[in-house]
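Given next are the chains, with one letter for each unit.
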Amino acid sequence: MSTAVDPDELGALAGALGVEGAYWDTAGHHHRAAPDAVAAVLAAMGAPVDDPSDLGDLRRHVEAESTRLIAPVVVWWAEDAHAELEVCVPLDGVDDVLAFHVEVERGGGEADGRAELARSTEVGHRRAGGVTHSVRRVVLDLPAVPVGYHRLSVQWRDQRHEATLVVAPRQVAQPAW
């Protein structure tokens with residue numbers, strides 16, 4: 001790996017994609033991951049890091065991911081009555097309707113629905129490519145979905161994105177050891 005890599009910028013870009021660039025060990029010492037290790041993890045995730053000394057492609061990738069319609073993984077706490085989903089749409093799309101489809105794992109069924117973005121709560125803004133996007137929290141009106149890993153598809157205009165829908169309990173029973 002080239003010595004021209006800016007480890008702070010690489011770490012910040014990796015962090016934006018959910019990759020930790022440092023950790024604390026059990027003795028309380030802070031360790032920074034080696035840039036080549038961070039680049040390898042990013043590459044395994046499909047990020048463009050062919051030449052980690054040139055972070056231009058990675059910067060553009062992070063910007064594009066920041067305005068992705070939905071995150072690649074969505075968590076629904078089993079105890080909650082409704083699933084909530086954050087969506088990111090350009091400001092001219094906040095009055096549109098989303099269509100969604102859930103496939104329950106192991107052939108457990110399917111559910112379809114629609115959600116009006118105008119009835120959702122705006123929770124922030126993101127800017128990419130000169131376009132301001134609205135980040136909105138949408139409530140999905142779904143029947144009970146069992147704990148597990150399911151497929152969620154969301155359609156907005158001509159964009160269709162898929163995610164893993166993880167339905168999990170907030171707390172699990174602790175062993176009685």
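Quick look at the structure, then. Bear in mind the structure is a predicted one, so any value in this text is a computation, not a measurement.

This paragraph deals with the nonpolar core. In this structure, Leu85, Val87, Leu140, Leu142, Leu152 and Val154 are the most contacted members of the largest nonpolar core, which totals 26 residues. Those elements that place two or more of their residues in this core are β3 (73-77), β4 (83-90), β5 (97-103), β6 (110-116), β8 (131-140), β9 (148-156) and β10 (159-168). Residue contributions to this core peak at four residues, all from β4. Among the nonpolar cores identified, the runner-up in size contains 13 residues, and Leu13, Ala47, Leu55 and Val62 belong to it.

This part covers the layout of surface pockets. Taken as a whole, the largest pocket encloses approximately 620 Å³ of empty space. Contributing to the lining of the largest pocket are 29 residues, with Arg68, Ile70, Ala71, Pro72 and Val73 lying nearest its centre. Every element with two or more residues in the lining of the largest pocket is listed here: α3 (56-66), β3 and β4. Examining the composition of the lining of the largest pocket, we find that six residues originate from one element, β4, more than from any other. The residue makeup of the lining of the largest pocket, split by class, is 19 nonpolar, four polar and six charged.

The next subject is the sheet that holds β9. Pairing is mixed in the open sheet, where five strands are placed in the order β3-β10-β9-β5-β6. Of all strands in the sheet, those bounded by a partner on one side alone are β3 and β6. Sheet twist, expressed as the average angle between the axes of neighbouring strands with direction ignored, equals 25°. As paired strands, β5 and β6 are joined by seven bridges and run antiparallel to one another. Note on β6: the bridge partner recorded for valine 97 is glutamate 116.

The strand order β4-β8-β7 describes an open sheet built from three strands, whose pairing is antiparallel. Among the strands making up the open sheet, the edge pair consists of β4 and β7 (121-128). Strand-to-strand twist of the sheet, defined as the mean angle between neighbouring strand axes without regard to direction, takes the value 25°.

What counts, and at which threshold
- Residues numbered from 1 in each chain as written.
- Predicted model: local features only at pLDDT ≥ 70, side-chain atom pairs only at ≥ 80, totals over all residues.
- Heavy atoms only, no water.
- Core = buried A, V, L, I, M, F, W, Y, C linked by side-chain atoms within 4.5 Å.
- Buried < 20%, exposed > 50% of the residue type's maximum accessible area, 1.4 Å probe, protein only.
- Helix = DSSP H or I, 4+ residues; strand = E, 2+ residues; numbered from the N terminus.
- 1 Å grid on protein atoms, 1.4 Å probe; cavity = no way out; pocket = protein on both sides within 12 Å on 5 of 7 lines; lining within 4 Å.
- Points joined across faces, edges and corners; volume = space filled by probe spheres on them.
- Nonpolar A, V, L, I, M, F, W, Y, C, P; charged D, E, K, R; others polar.
- Pairing = 2+ DSSP bridges.
- Axes fitted to C-alpha atoms, helices over the stretch in contact; angles between N-to-C directions.

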